[in-house]
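Each chain is listed here by its residues.
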Amino acid sequence: MNTQQICINGIPAILWGVSSKRLYLYIHGQDGNKEEAATLSEIVCRHGWQVLSIDLPEHGDRKGEIYSFVPWHIVPELNSVMEYVKSRWKHISLFANSIGAWFSMLSFCNERLEKCLFVSPVLDMEQLISKMLRWENVSEVRLKQELIIPTSFGQTLSWEYWRYAIEHPIVKWDVPTEILYGGKDNLIERGEVELFTRKFGCDLTVMENSEHWFHTEQQIAFMRRWLNKSFRNKELSENVR
């Protein structure tokens, strides 16, 4: 696998594969990094695509940053990355994992992407934060008063983040999208994923015995089969056209 370490407006990135006019932009989730795009790259680069993966704030080579893994910082960054991509590649698709999917939809809802692949996507941040408030038995009134509340499960509840989620719902997503979801995902409700799928005409694949994080050997093998099937179907449709 050909890889090149690059920097995009100060953002560490890896470009995978040989030169091509076709690119997948890879957006990782919480606790991820640009290197985890290896699994996707092994498959899509064989089909003539390149992959560009980046480190989001506070992740990978940017772990020293603080208070920046928030949408009001990340969305402008992703917009700048997309401008870089559009200036160099003609055909652009997207792969995003977990919260990376939500960041991507906030950033790219008006972009003309060819295809999107989501794994365990956060689709409705307001609903997710609401669930976390219930887990911690925290009221909206208390959150407004205290502004920041650490939780017993390692996340931090933030009034500013909560208000941002309410004020920025996902109302537009016109990209042909395929979703891989774990049937035992305790963060994202299955009904929420099915509703999104119907609303935006997505294709949904469920691995019933997987959790939110696809990481075991069995789960990675399932994801590889899902990716390979996606590309076989794409090539068949292109041959028909």
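For the structure itself, look to the data block above.
Small disclaimer: the values here were computed from a predicted structure and weren't measured. (Residues numbered from 1 in each chain as written. Predicted model: local features only at pLDDT ≥ 70, side-chain atom pairs only at ≥ 80, totals over all residues. Heavy atoms only, no water.)

Visitor: Requested: an account of the side chain of His-59, with residues and values cited.
Guide: Tracing the chain through its elements places His-59 in the loop between β4 (50–54) and α2 (71–86). Here Asp-31 takes part through its backbone nitrogen, which lies 2.9 Å from a polar atom of the side chain of His-59. Each residue touching His-59, except ones within four places of it in the same chain, is listed here: His-28, Gly-29, Gln-30, Asp-31, Gly-32 and Phe-69. (Helix = DSSP H or I, 4+ residues; strand = E, 2+ residues; numbered from the N terminus. Polar contact = N/O pair within 3.5 Å; in protein donor to acceptor, adjacent residues only side chain to side chain. Contact = heavy atoms within 4.5 Å.)

Visitor: With reference to specific residues and values, describe the layout of surface pockets.
Guide: Empty space within the largest pocket amounts to approximately 1,300 Å³. Forming the boundary of the largest pocket are 46 residues, of which Gln-30, Asp-31, Phe-69, Ile-99 and Gln-155 lie nearest the centre. Counting residues per element, the ones that place at least two in the lining of the largest pocket are α1 (38–44), β5 (91–97), α4 (125–135), β8 (156–158), α6 (159–167) and α8 (217–240). In the lining of the largest pocket, the residues fall into 27 nonpolar, 15 polar and 4 charged. (1 Å grid on protein atoms, 1.4 Å probe; cavity = no way out; pocket = protein on both sides within 12 Å on 5 of 7 lines; lining within 4 Å. Points joined across faces, edges and corners; volume = space filled by probe spheres on them. Nonpolar A, V, L, I, M, F, W, Y, C, P; charged D, E, K, R; others polar.)

Visitor: An account of the pairing of strand β2 (residues 11–16) is needed here, citing residue identities and associated values.
Guide: Of all 6 residues that make up β2, 6 are buried, and the element is covered over most of its length. Here strand β1 (residues 3–8) folds back onto β2 in antiparallel fashion, the turn holding 2 residues, of which Asn-9 has a positive phi close to 50°. Sheet analysis places β2 next to β4, joined by 4 bridges and oriented antiparallel. Each bridged residue has a counterpart across the sheet, and for Ala-13 the counterpart in β4 is Ile-54. (Buried < 20%, exposed > 50% of the residue type's maximum accessible area, 1.4 Å probe, protein only. Pairing = 2+ DSSP bridges.)

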